[in-house]
Amino acid sequence: MATDLQESPARAPRRGPGSPARPGMRDKLARWDVKLSPYLYVAPFFIVFGIVGLFPLLYTGYVSLFDWELIEDSPEFIGLDNYVDLMVDEQFWKVLVNTLSIFLLSSIPQIIIAVLIAYLLNTRLRAPTTWRISVLLPYVASLVALGIIFANLFGPQFGLVNSILETFGIDRIDWQADRFSSHVAIAVMVNWRWTGYNALIVLAAMQAIPRDLYEAAVVDGASSLRRFVSITLPLLRPTLIFVVITSTIGGLQIFTEPKLFSEMPGSNNGGATNQYQTVTLYMYQSAFEQQDFGYASAIAWVLFVIIIVIALINFLLTRRLAGTGSGR
Amino acid sequence: MRQLFRRALALSAAVTLSGGVLAACGSSDDTGGNGSDGGPIELTIGTFTEFGYEDLLEEYQRLNPNIKIKHNKTGQGGPYHQQLFTKLGAGSGLEDVVAIEEGHLSDVMAKASLFNNLLEIGPKDVTADRWLDWKSQQATTKDGKLIGYGTDIGPLAMCYRKDLFEAAGLPSDPEGVKPLFETWDSYFAAGDQFIAKSDAAWYDANAQIFNAMHNQLPVGFFDTSDQLVIETNADIKANWDKVTAASGRGQSAGLVAFSNEWNSGFKSGAFATKTCPSWMLGVIKNQAGPENKGKWAVTDAFPGGGGNWGGSFLAVPTQSKHPQEAAKLAAWLTAPEQQIKAFGKTGNFPSQKAAQTAPELLEKTDDYFGVKAGELFAKQAAKVGQAQYKGPGDGRIQENVTSPALQSVEQGTSPADAWAQVVDGATKIAK
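Everything quoted here is computed from the prediction, not taken from an experiment.

Reading guide: rules and limits
- Residues numbered from 1 in each chain as written.
- Chains lettered and ligands numbered in written order.
- Predicted model: local features only at pLDDT ≥ 70, side-chain atom pairs only at ≥ 80, totals over all residues.
- Heavy atoms only, no water.
- Axes fitted to C-alpha atoms, helices over the stretch in contact; angles between N-to-C directions.
- Helix = DSSP H or I, 4+ residues; strand = E, 2+ residues; numbered from the N terminus.
- Parallel < 35°, antiparallel > 145°, perpendicular 65-115°, else oblique.
- Left-handed = near helix turned anticlockwise from the far one by under 90°.
- Contact = heavy atoms within 4.5 Å.
- Nonpolar A, V, L, I, M, F, W, Y, C, P; charged D, E, K, R; others polar.
- Patch = residues over 30% accessible without salt bridge, like charges linked within 9 Å, V, L, I, M, F, W, Y side chains within 5 Å.
- Areas by Shrake-Rupley, 256 points an atom, 1.4 Å probe, with all protein chains shown as cover.
- Salt bridge = Lys/Arg side-chain N within 4 Å of Asp/Glu carboxyl O.
- Lys, Arg positive; Asp, Glu negative; His and termini not counted.
- Charge placed at Lys NZ, Arg CZ, Asp CG, Glu CD.
- Buried < 20%, exposed > 50% of the residue type's maximum accessible area, 1.4 Å probe, protein only.
- Domains from an automatic or database assignment.
- Buried area = accessible area lost by both parts, 1.4 Å probe.
- Polar contact = N/O pair within 3.5 Å; in protein donor to acceptor, adjacent residues only side chain to side chain.
- pLDDT = per-residue confidence, 0-100.

Student: How would you explain the packing of helix H18 (residues 394–410) of chain B against helix H19 (residues 415–430) of chain B if you had to name every residue and give the values?
Tutor: Residues and elements named next belong to chain B. Look at H18 against H19: their axes get within 9 Å of each other, and the N-to-C directions meet at 165°. On the basis of their axis angle, the class for H18 and H19 is roughly antiparallel. Of the two elements, H18 crosses H19, and the hand of that crossing is right-handed. Residues Arg396, Ile397, Val401, Thr402, Ala405, Ser408 and Val409 of H18 lie in contact with H19, whose contacting residues are Pro415, Ala418, Gln421, Val422, Gly425, Ala426 and Ile429. For the contact of H18 with H19, the residue count by class is 9 nonpolar, 4 polar and 1 charged.

Student: Could you give an account of a negative patch on the surface, naming the residues involved and the relevant values?
Tutor: Residues Asp67, Glu72, Asp73, Glu76, Asp81 and Asp85 of chain A make up a contiguous surface patch of negative charge. For Asp81 of chain A, a relative accessible area of 42% translates into the label partly exposed.

Student: Which residues make up the domain arrangement of chain B, and what values do they have?
Tutor: All names here are of chain B. On domain assignment, one finds that chain B holds domain 1 (41–153 + 310–362) and domain 2 (156–308 + 379–430). Contacts between the two partners involve 14 residues from domain 1 and, on the opposite side, 19 residues from domain 2. Both sides of the domain 1 and domain 2 interface together cover about 1,300 Å² of buried area, and 49% of this is carbon and sulfur. Considering only the side of domain 1, the residues that lose the most area to domain 2 are Ser106, Trp134 and Lys142, jointly responsible for 42% of the buried surface there. Linking domain 1 with domain 2 are 2 salt bridges. Among the ionic pairs, Arg396 bridges to Asp107, the shortest N-O distance being 3.1 Å. If you look at where domain 1 meets domain 2, you find 7 residue pairs in polar contact (both at pLDDT 80 or more). For the side of domain 1 that touches domain 2, the element with the highest residue contribution is helix H4 (residues 102–110), accounting for 5 residues. The residue inventory of the side of domain 1 that touches domain 2, partitioned by class, reads 5 nonpolar, 6 polar and 3 charged.

Student: For the side chain of Ser320 of chain B, give the residues involved together with the corresponding values.
Tutor: Residues and elements named next belong to chain B. Counting through the fold element by element, Ser320 comes out in the loop between strand E7 (308–315) and helix H13 (323–333). There is a polar contact of 2.8 Å between the side chain of Ser320 and the side chain of Asp96. At a separation of 3.2 Å, a polar atom in the side chain of Ser320 contacts the main-chain amide nitrogen of His322. Aside from chain neighbours lying at most four places away, what touches Ser320 is Asp96 and Ala326.

Student: Can you explain the confidence of the model for chain A? Please cite residues and give values.
Tutor: Per-residue confidence for chain A gives a mean pLDDT of 86, with 90% of residues at or over 70. Of the regions scoring below 50 in pLDDT, residues 1–18 of chain A engages in 14 contacts with residues more than four places distant in sequence or in other chains.

Dropping the structure here:
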């Protein structure tokens, strides 16, 4: 990169064959400028990233090798013991399953509904901007306010959802106690917030699809369902993959929703038997309630690895799907 | 020229950036003022929720012109204590005087070396006998150091719904109900009688009953050598069995304390009795609302004697730069006269013996419950026995192990499974 720049005549005019060989200070400076400037320009990002991203990441790894309590003058080095403990910790596996379950319950319906909403928004509507802004409104609202309101709605004895179920003659559901029901309730919270946001991203991609493709399909006599399945969906694939990856990263780190869903205010237990505790919530509890920083750091690293693995799977998936999708 | 300008811009950007970061790192530790050169000494004090200290701190500064006080108030106890422990761990950033709530005291006592012994640095005339015995015992380490000056307490009485009692054919005047609240056995027996004739539950939540029973035991989760005795202490299991059996018979409303559902439970009359520390009267008043005025009553009886729930201490961490002055302030704030004033402001019940006989306290009436609340709780405070020894992690076992497990029993887990969960969880915390 730097060499390319150096050899371009416009950037180094004095190095032409006819100029006298005077390797002066200015010349040197100019060369350094050309060589170093690009790095200097990108440096701020990497410096900040190094301080607030990379260093904590590595230090967390270091801490995870110790029996490190919050108030500890001389933490004891215990090697990989924290990781060994973690692998046989039933609670960890339970919260991992909870996390995956909430993730699936939220991401799958979310993306399907987002595509449908985007499709509807892409039809001829009066005041399209109003509609588009209104699907984004849940995203604008404060997450904490949402959490408190939803925890109220899903209250087992006095909650609105159960009252409505009862008027339809359906048995009330204990949204707190039952493991699966609590995951559904939390997933509803997540979906409420993120569906509109994803719908707008999908909508942008939809509007980029050339109109003539649809016109040609209409001429060929394709139904609107056929047009959606054979034109819209394939051309949306790259965008969908992006949406899937971002919701993977977000979904595996769900924290606020289960924390606020808890009946016991401020509790990190995620229910009486940890039925809706997520990995991040367990990590937070280990660090700031049990004050076991070493163990919490080990959880953080394992979660990091899990997210990388799933992101890698998604990356491979992207390449494949994008490959087949580009054969238009 | 343009190139030069661009270069300068990039450079200065990089410099400002790293400079900013460095500056941010360097600006800790700004509290504490300087007393050595005769200037005013700046003290800081950290409290949570409402201690009623605003006017008192003004007064103290008037009385001591060389002291300037900065008051850091946090809204909620949970985040406040989390911060407290983080700053203890960091070794800096704590206030000169910090408030500590009873529930977090066991974790503080486990790190007693990070706090000053108030018997040493405090004013000599302030000794442990200023407070009710059990209150000063709670903040005294095994080797006799006093870590905190007691502020307020939460002596337990029983609150109950008169109208629900009447409808179920139980006595309902404060004297008549006393036999029901004599022992835990009579309490649960009355509960059976009550639920047979009423749609409401007898009490709000298993954990609320179990915690009160547990605090009356001579030995709690830990013995005095910090060994976890939850499995060998038969009293704990006996309490557990009584409570879970009662909830199995339908006495519990299964409402987690301080949850939204619990709040609604007060309005709709979902349960007939409530373990009632002094500060709970305000909670009931707010949650049950004016439309239920006259339905709730309180009596000066509590199953198994007396008990305490809540209350705080003022401590001086060793990281304080002015420990003597800080201890003097804490001693002044926790003197009976000042605590009576704080009681007038917030209703926090004073823990000092002299304050318990003050007419301002004894004359205090509560319209909502129609009783002389001050006198009633002063009586209850005198009934509290020895303070149970709390080992490190005691509060966390109660909050994160026994309470959730008791809730899971309400939600259908078998008591035996839940007990196994308790033993597991407690062992994990104690390790």
